[in-house]
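Residue-level structural notes
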Amino acid sequence: MQNVLFYQDAVTSHLEGFTKHREPVSLYNPINYILQLGGKRLRPVLTLMTAEAFNVDYKLALDAALSIEVFHNFSLVHDDIMDDAPLRRGQETVHEKWDVNTGILSGDAMLIMAYQLFENYEPMVFQALAKLFSKTALEVCEGQQYDVDFETRDDVTIPEYLKMIEYKTAVLVGAAMQMGAIVAKASEEDQKAIYEFGKNLGIAFQLQDDYLDAFGDPKTFGKQVGGDIIENKKTYLYIKAVEFASEDNKLELQHLFSLSPSDPSDKIETAKKIFQSSGAAQVTRQEIENYTNKAFRVLETLNISEDNKVVLKAFGSSLMNRNV
């Protein structure tokens, strides 16, 4: 197996051949634009890593990896429209640079193009990839809807929240890894195990993202610290704080999350203090560790070499040891 940078370069090179000039340019230029905005390409990297973990040349998994990346970016285009977000990776979002109709149509085309990439595989592999992809794509839509529904609810439970982040974020990580295993023609047992590894790692990653949104370093986090607090998002931190806080702090937090002040700095600081004093911050860190360890336990059951297990575990550990 290679290092992450090697796989990122491989994905970027393969992407360059995909983002070619096509007509009508008003449909395809926005697609090329979002795909070339960069990002860590972690999901397609996981597809390539998994294929090689099962002793198959990563090049055979490039189309499956690119499918995951195209789908992920399609979902971002539509998410940005729903959120009316002005920026993505520091640049104008597609609907801002063009318009909403262009964002919808170009996003739709990306979803179809993601499916088309499976056509480069033999029928049995194509069928397995398409079946997993369809299941995952629908779950991502369900997760997004749960997220939207939760914005207007004050009674979101921890199981509901965990299900939301599993569907919205983690299933795509699991699917990215299982696709690598499908291309490698791994056993059904190993395919399911690598999916569970990726899914649990994805949940841990999203919980950590929630934590870092409040307590990350503003210089390195890559987005505004306190963004979830500003947007009144009922994250794991918030739900646990409401559960654990004193009655006064609970009422204060709930009141804060009903406000949208022009200067949110006091709101952010007060919420963070309640997250800390209630024990919610500590419990969130513990849950991140729990899901990470759950992923690593699954890893031990895989029929791959010990060396490859070490590489996958190191990758998972690097994701969980972010301090940005």
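This structure is a prediction, so every number in the text was calculated from the model and none was measured.

Digging into a negative patch on the surface
Negative charge collects at one region of the surface, where Asp83, Asp84, Glu92, Glu96, Asp149 and Glu151 lie side by side. With respect to the helices and strands, the residue Asp83 is situated in helix α4 (residues 62-83). Accessibility expressed as a relative area gives 48% for Asp83, which makes it partly exposed.

Digging into the packing of helix α3 (residues 42-53) against helix α8 (residues 158-183)
Packing of α3 against α8 brings their axes to within 7 Å, and their N-to-C directions diverge by 35°. The chirality of how α3 crosses α8 is right-handed. Counted together, Arg43, Leu46, Thr47, Thr50 and Ala51 of α3 and Leu172, Val173, Ala176, Met177, Met179, Gly180 and Ala181 of α8 form the full contact between these two elements.

Some thoughts on the side chain of Arg41
With respect to the helices, strands and loops of the structure, Arg41 is situated in the loop between α2 (25-35) and α3. Overall, Arg41 belongs to the buried group, its relative accessible area being 8%. Reaching out from Arg41, the side chain makes a polar contact with the backbone oxygen of Leu35 at a distance of 2.8 Å. Aside from chain neighbours lying at most four places away, what touches Arg41 is Val11, Thr12, Leu15, Leu35, Gln36, Glu69 and Asn73.

Section: the layout of surface pockets
Taken as a whole, the second largest pocket holds about 330 Å³ of empty space. Along its surface, the second largest pocket is lined by 16 residues, and Ala128, Gln178, Ile182, Glu188 and Gln191 are the ones closest to its centre. For the lining of the second largest pocket, the secondary structure elements donating two or more residues are α7 (123-150), α8 and α9 (188-215). In terms of residue class, the lining of the second largest pocket is built from 7 nonpolar, 3 polar and 6 charged.

Calculation rules
- Residues numbered from 1 in each chain as written.
- Predicted model: local features only at pLDDT ≥ 70, side-chain atom pairs only at ≥ 80, totals over all residues.
- Heavy atoms only, no water.
- Patch = residues over 30% accessible without salt bridge, like charges linked within 9 Å, V, L, I, M, F, W, Y side chains within 5 Å.
- Areas by Shrake-Rupley, 256 points an atom, 1.4 Å probe, with all protein chains shown as cover.
- Salt bridge = Lys/Arg side-chain N within 4 Å of Asp/Glu carboxyl O.
- Lys, Arg positive; Asp, Glu negative; His and termini not counted.
- Charge placed at Lys NZ, Arg CZ, Asp CG, Glu CD.
- Helix = DSSP H or I, 4+ residues; strand = E, 2+ residues; numbered from the N terminus.
- Buried < 20%, exposed > 50% of the residue type's maximum accessible area, 1.4 Å probe, protein only.
- Axes fitted to C-alpha atoms, helices over the stretch in contact; angles between N-to-C directions.
- Left-handed = near helix turned anticlockwise from the far one by under 90°.
- Contact = heavy atoms within 4.5 Å.
- Polar contact = N/O pair within 3.5 Å; in protein donor to acceptor, adjacent residues only side chain to side chain.
- 1 Å grid on protein atoms, 1.4 Å probe; cavity = no way out; pocket = protein on both sides within 12 Å on 5 of 7 lines; lining within 4 Å.
- Points joined across faces, edges and corners; volume = space filled by probe spheres on them.
- Nonpolar A, V, L, I, M, F, W, Y, C, P; charged D, E, K, R; others polar.

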